[in-house]
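Chain by chain, the residues:
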Amino acid sequence: RFGGRGRGGRGHGGRGHGVRGRGVTPPIDLRKSRTQVGRSFVDDSSANKTYIPKLVNIVFFCLDNPDKQEFINPTMLEEIKTMDEQDKVDHERINDERRLRRKAPLQFKRSKVREYLRTRFTEMEETPADSPLVIDGEGAITSAFIKDFMDSHKRVVKVARENAESYLSETNLHGVTITDDLVDEEGFVTAYVNQSYSQFNSTRSCLSYLYKRAGIDRPPEMIRSMEKFMAGMERTTRNEKRGLGLKISEGKKHMTFQAYECIAMHLYRSAASEDIETRFMLLLEWNLMKRAENVVHAKISEVEWRCDCLVFHFAKSKSNQRGEEHLGPWHVYSNPENPHMCLLLAFGQYAFCNPHILKGGGVPLFQGTNSKTVYARYMARFNNVVNKELVHELRALGYEPGDLASHSTRKGVGTWVCSGCTVSPPIVAVCLRAGWTLGGVKDRYLFREGAGDQYVGRAAAGLDQLSKEFAVSPAYFDFSQLETTEMFRMKRVISDFVQSRLGFQPPGTVEPLLRHFLASICYHYDDLQRDIHQQSPLRSAALFRDIPEEIRRLATVRYPWNKTSDTPKFTGVPPHVAQLAELHALKEEITNLREGMMKDLREEMDKRGFNSSENNTRQLMDMIKEVTTTQTNAIVTRLIERTNLCERSLVAAVNQTREDYGAAEMEIEEELEEELPTDATRAESEELNRRRREASQRAVSRRQYKVGMIKTGGGCKLTTLPVGYRFPPLTIPQLIDNWLIGSVGANVIPFCQLRHNDVSHVKGAVVALRKMKRVMAMVHKTAKEKGCWPSGHAFDTPRNWTYAKTKELWLGIEQEFLVRYMKRKPQAKFTTVYNNLQGMSASTSSSGDDD
C-alpha cells in the first residue's frame, strides 16, 4: 500500500491506494515545493489579489515617468520597454478594428508587461537581485519615491462651494481660489482629494511584503519617514472628510438587519436559478460571521449536526493562519418563524437542488474552477440584486447603489449581535466567532466556549432575544405521539423515501443533516409552495416533489414549555429566555387547569339539568340540530326535483379529452349503468341519483391530474399545465425525473407525454421540449450501451417508472455524461448538454466533409 488511512481521501477515512497491477492508480504528490512553502508566509490569495497587483502598478508608475525608470531592475528594463511598445502597437491595432465596427475603444491594459511582471514577482527568489524593483544597494527606492507614488493617486469629488472655501481658509492653501466659472449650477465644485487612508496603508503593506520576499529588512530611515508620513496622512484625510463634508466612514456601509431581511426575502422568492445558491451564501456569511473565503471553501465534510443546530469547522481564518486551533466549532441555528432567513431551510433547498454534495467526503459546497470563480459568481449576482433589482427598497432604508458589498454582511451581523438588543452575547464570543483579534493578553487568556458561541449563533439567526420564542427548536420529525409499531413504520417510510429519491446511500455524517433538511422542508412545505417562484429549481428537485402527507405532518417545531421526548436538546438559551419560557409554561398550566374546571362544571350542570325546567343543554342542542337537518333535506329535495339530470357518457368525454389532449394516460371511468323504471317512485329516483353522485365523486377523487380550459389564439383547448407555467432550468438528473415521472402536487404530467400542441401556448416551450427530447434520446442511447436501461420500460411513457429506477439509471450513466457532455460540471443544465451535443454533431459532420 501507498500511504495509510490518512485524512483527505474518499470520505473521512482516505483509503490507502493499492499497488500497480490491481486496477488502482498510484498517488499523486499535491504538496507544495519548499520554495512555494517559503513564499506562503501570507495567504496565497492575499499575495495574488492584493500585493502583487499593487507592485505591478508601482512598476508602471516608474515606466511612465522617465525620471523614475532608474528604480526598475536594469536587467529587466529593456525587456519591459520592448514589451510595452508591443502592447501599444497591439492596442492601437485592436482599437482601429473596433472603430471600423463602430465599437467603443478599449483601455490600455498593457497585457504583456502586466503578465511578465506578475510572473516575475510571483516566482521571485529570496534575493533582492531578482526583484523587478531596485530595493537594495545603490539606486534603491526611497521613502520620497514611495510618497511620490502615493501622491499620484487621487480621488475626484463634488463638494459644496461653502465647504471648499471654508476648508481652504482653515488649511491655508495658497494659490488656490474658487471662481464662479468653477461652480456648477447646483453650487458644487469638482475637486481632487487624497485617497482613503486604507489605500495608503495597503501600499506600505505591499512594499513590506516585497522586502520580506527578498529576504532583507527595510532601511530604518525609510521606516521612520513612512511612519511620520502615514500619521500625518491619517490626520489629513480625516480633516478633508470633516471639512469638505465627505463620507466619514471608509469602505462599504454595514448591512442593517432590515436590509438583510429585505435581500433575503427577495432571493427567497426569486425565479433566477442561481438565487438558491446566492441566498445560501448570503445566509452563511451572515450566520457564521465569517469572511467570504471561509464560505467559498466550505465542504460538506466540515458540517455536522449536534443537538439542535448545525456545526461548522474551518481549518483557518485570517487571524489564525496556521489553523491548528480551528477556532471552532461554530454553531448555526434555524429560524423556523421566518423561512426566508432560516439557514437550515436554505441549506436544505440548496442540497435538494444539488444532491451530489450529499455524497460526503471532500465535496465542496459550491462548484467552481476555484474559489475565485465561486466568489466572483456570488458577488456578480449580489451586486445586481442590491444595485439594480432592490435599488428602491434599499434606498428607502438609507442605501445608495454601491454602498453594500461582501464585507457589509460581516459588519452588519457583528453590529446586530452586539448592539441589536440590550441583552447581547459576550463580546469575546462575538470576536472569536468573527475572527477578530482581541489583542495582547486577551488573545492568550480568553478562549472559545460552546455556550457563548451558541448564544451568538441564536442571535445571528435573527431570533428575537427578548422573546420566549428565542428558545425555538429546529424543525424535526416527532414520533412521540405514535405507537411503537407505527413509529418504526414511519421511520422506515422516511428512510425509503429519501433512498428512492436520492439514489445513493449518504455517509453516516451526512444522514443527520439530510434528515433535518427534509424535516425543515416538510415543516415549511405549504409556505414554499405558496411563496417560491414557479420557475424555482426547487420545484424540480426529486426530494421536494410530492412529499407524502404522512411524512409532512410529522415535521414540527417545539419550545421548552411543550417539548416532547423526541425534541432535540435546547442549547444556546440565555437565563432570561429560560425564565420567560418557564413563566409561559406556568401560564399554560393555569389556562389548562381553568379550562378543565369549566368543562367539568358544564358536564355536571348538564347532568343535573341546572337552570332548566324541561330540557337540559344537550337536549336543546339536539333539537336545534334536528330542525336544521330537516330543513336542509327539504331544500336539497326541491333542488333535485327541479334539476334536469341527463345521462351522459363519461367514456365519450374521456375519449374526446384524449383526442384533444394527446397521449396523456387517463383512467377510463365507468358510469353507473342502471336504468330507472318508468313507474319508479320519488324515493327510488332519489336513491339512484344519490348512487350516481357517489360514483362520480369516487371517480373524480381517483384522478391524479386536473385539466383546465385555456384560451389560445381564437379558440380554447384543454391542458394540465398550470396557468403561467414555464419549463424550469433542469439539470440532467432533474430532467430524467421530470421526463419519466409527473408531479401530482404541481399538476404537471411527465414531460414524455407532452406534445407540441400541449405547450404551443407557452413561450419558448416548443423549442425547450424539442431540446429535452434530444437530450433524453442521448440518455436512452447511453443507458442502452451501458446496459442500465430497465427492461420492459419505454422511453416515451411513464408506465412502471419510479424515482428509485430513475436514480439507478442516472448512476449508471453519470460518469459517461459528466465527461462527454457536461464537462465535469454536475450542475450543468440540459440546455448546456444540448448545445454540447450540437457542437459535437457539427464537428463530426465537418470532419466527414473534410474526409
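Residues numbered from 1 in each chain as written. Predicted model: local features only at pLDDT ≥ 70, side-chain atom pairs only at ≥ 80, totals over all residues. Heavy atoms only, no water.

### As for the pattern of salt bridges
Scanning the entire structure with this criterion turns up 35 salt bridges. Linking arginine 306 and glutamate 304 is a salt bridge whose minimum nitrogen-to-oxygen distance equals 2.8 Å. Across the pair aspartate 737 and lysine 807 runs a salt bridge whose closest N-O atoms are separated by 2.8 Å. Here the residue aspartate 737 occupies a position in helix H27 (residues 732-740), and lysine 807 occupies one in helix H30 (residues 803-820), the gap between them amounting to 70 residues. Grouping residues by exposure puts aspartate 737 and lysine 807 together as buried. In the salt-bridge network here, residues are joined through shared partners; they are Asp64, Asp84, Glu85, Lys88 and Arg110. (Salt bridge = Lys/Arg side-chain N within 4 Å of Asp/Glu carboxyl O. Helix = DSSP H or I, 4+ residues; strand = E, 2+ residues; numbered from the N terminus. Buried < 20%, exposed > 50% of the residue type's maximum accessible area, 1.4 Å probe, protein only.)

### Section: the sheet that holds strand E5 (residues 330-332)
The sheet built from three strands is open, its strands ordered E3-E4-E5 with antiparallel pairing. Edge strands, defined here as strands with exactly one partner in the open sheet, are strand E3 (303-306) and E5. Across this sheet, the average inter-strand angle for adjacent strands is 35°, counted without regard to direction. Looking at chain direction, E3 and strand E4 (residues 309-312) are connected through four bridges and run antiparallel. Counted as the bridge partner of arginine 306 is cysteine 309 from E4. (Pairing = 2+ DSSP bridges. Axes fitted to C-alpha atoms, helices over the stretch in contact; angles between N-to-C directions.)

### Overview of the state of the cysteines
One pass over the structure, following the stated rule, counts zero disulfides. Here cysteine 307 stays unpaired: no disulfide links it, and the sulfur of cysteine 309, its closest cysteine neighbor, is 6.7 Å away. (Disulfide = S-S within 2.5 Å.)

### With respect to the nonpolar core
In terms of nonpolar packing, the biggest core is built from 106 residues, with Ile263, Phe347, Phe352 and Phe477 touching the most fellow members. For this core, the leading source of residues is helix H12 (residues 343-353), giving nine residues. Among residues more than four places away in sequence, those in contact with isoleucine 263 are Met255, Leu282, Phe382, Val385, Val386, Leu390, Leu394 and Leu404. Ranked by size, the runner-up nonpolar core spans 44 residues in total, among them Ala768, Met776, Met778 and Tyr821. (Core = buried A, V, L, I, M, F, W, Y, C linked by side-chain atoms within 4.5 Å. Contact = heavy atoms within 4.5 Å.)

### Let's talk about the confidence of the model for the protein chain
This prediction gives the protein chain a mean pLDDT of 81; 83% of its residues lie at or above 70. Under a pLDDT of 50 for its full length, residues 1-22 has, in the predicted model, 28 contacts with residues more than four places off or in other chains. Counting contacts from residues 321-326, a segment whose pLDDT is below 50, to residues more than four positions away or on other chains yields eight contacts. (pLDDT = per-residue confidence, 0-100.)

### Brief notes about empty space enclosed by the protein
Within the structure shown, the criterion is met by eight cavities of 30 Å³ or more. By volume, the largest cavity amounts to about 200 Å³. Here the lining of the largest cavity takes five residues from H30, the largest share from any one element. In terms of residue class, the lining of the largest cavity is made up of nine nonpolar, four polar and three charged. (1 Å grid on protein atoms, 1.4 Å probe; cavity = no way out; pocket = protein on both sides within 12 Å on 5 of 7 lines; lining within 4 Å. Points joined across faces, edges and corners; volume = space filled by probe spheres on them. Nonpolar A, V, L, I, M, F, W, Y, C, P; charged D, E, K, R; others polar.)

### Section: the packing of aromatic side chains
Two measures describe an aromatic ring pair: the distance that separates the ring centres and the angle between the ring planes. One pass over the full model with this rule turns up 21 aromatic pairs. On the numbers, 6.0 Å between centres and 50° between planes, the contact of phenylalanine 257 with tyrosine 260 is tilted. Placement of the pair is phenylalanine 257 and tyrosine 260 together in helix H9 (residues 257-268), with a separation of three residues, close to one helical turn. Taken individually, phenylalanine 257 and tyrosine 260 each receive the classification buried, so the pair is uniform in this respect. Ring centres 4.7 Å apart and planes at 35° place the aromatic pair phenylalanine 280 and phenylalanine 347 in the tilted group. Highlighted residues: phenylalanine 280 in helix H10 (residues 275-288) and phenylalanine 347 in helix H12, separated in sequence by 67 residues. Linked through ring pairs, Phe280, Phe347, Tyr350, Phe366 and Phe517 together constitute an aromatic cluster. (Phe/Tyr/Trp six-rings, centres within 6.5 Å; stacked < 30°, edge-to-face > 60°.)

### Quick look at the environment of proline 128
Of note, proline 128 is situated in the loop between helix H4 (111-122) and helix H5 (143-151). Residue proline 128 is classed as partly exposed on the basis of its relative accessible area, which comes to 21%. Sequence separation between proline 128 and glycine 215 is 87 residues; the distance between their C-alpha atoms is 7.4 Å. The residues touching proline 128, leaving out its near neighbours within four places in the chain, are Ile135, Asp136, Ala214 and Ile216.

### Let's talk about the packing of helix H15 (residues 406-419) against helix H18 (residues 450-460)
Remark: H15 packs on H18, axes separated minimally by 9 Å, with the N-to-C direction vectors making an angle of 110°. Compared by their axis directions, H15 and H18 come out roughly perpendicular. The chirality of how H15 crosses H18 is right-handed. Within the contact between the two elements, H15 uses Val413, Trp416 and Val417 and H18 uses Val456, Ala459 and Ala460. Looking at the contact of H15 with H18, its residues break down into six nonpolar, no polar and no charged. (Parallel < 35°, antiparallel > 145°, perpendicular 65-115°, else oblique. Left-handed = near helix turned anticlockwise from the far one by under 90°.)

### Considering unusual backbone geometry
Unlike most non-glycine residues, arginine 102 shows phi in positive territory, near 60°. Tracing the chain through its elements places arginine 102 in the loop between helix H3 (74-100) and H4. Here arginine 102 falls in the exposed class, since its relative accessible area comes to 80%. Backbone geometry places aspartate 546, a non-glycine residue, at a positive phi of 50°. Mapped onto the elements, aspartate 546 comes out in the loop between helix H21 (525-531) and helix H22 (549-552).

### Examining the environment of aspartate 464
Topologically, aspartate 464 is positioned in the loop between H18 and strand E6 (476-477). Accessibility expressed as a relative area gives 48% for aspartate 464, which makes it partly exposed. With 113 residues separating them in the primary sequence, aspartate 464 and valine 577 have C-alpha atoms 10.0 Å apart. Among the polar contacts made by the side chain of aspartate 464, one reaches the main-chain amide nitrogen of leucine 466 at a distance of 3.1 Å. (Polar contact = N/O pair within 3.5 Å; in protein donor to acceptor, adjacent residues only side chain to side chain.)

### Digging into the packing of H10 against H12
Between H10 and H12, the least distance of the axes is 9 Å, while the angle of their chain directions is 145°. Where H10 crosses over H12, the two elements pack in a sense that is left-handed. Across the interface between the two elements, Ile276, Glu277, Arg279, Phe280, Leu283, Leu284 and Asn287 of H10 pack against Leu343, Leu345, Ala346, Phe347, Gln349 and Tyr350 of H12. Tallied by class, residues from the contact of H10 with H12 come to nine nonpolar, two polar and two charged.

### Describing H12
Counting buried residues in H12 gives 11 out of 11 residues, a clear majority hidden from the surface. All buried positions along H12 are accounted for by Leu343, Leu344, Leu345, Ala346, Phe347, Gly348, Gln349, Tyr350, Ala351, Phe352 and Cys353.

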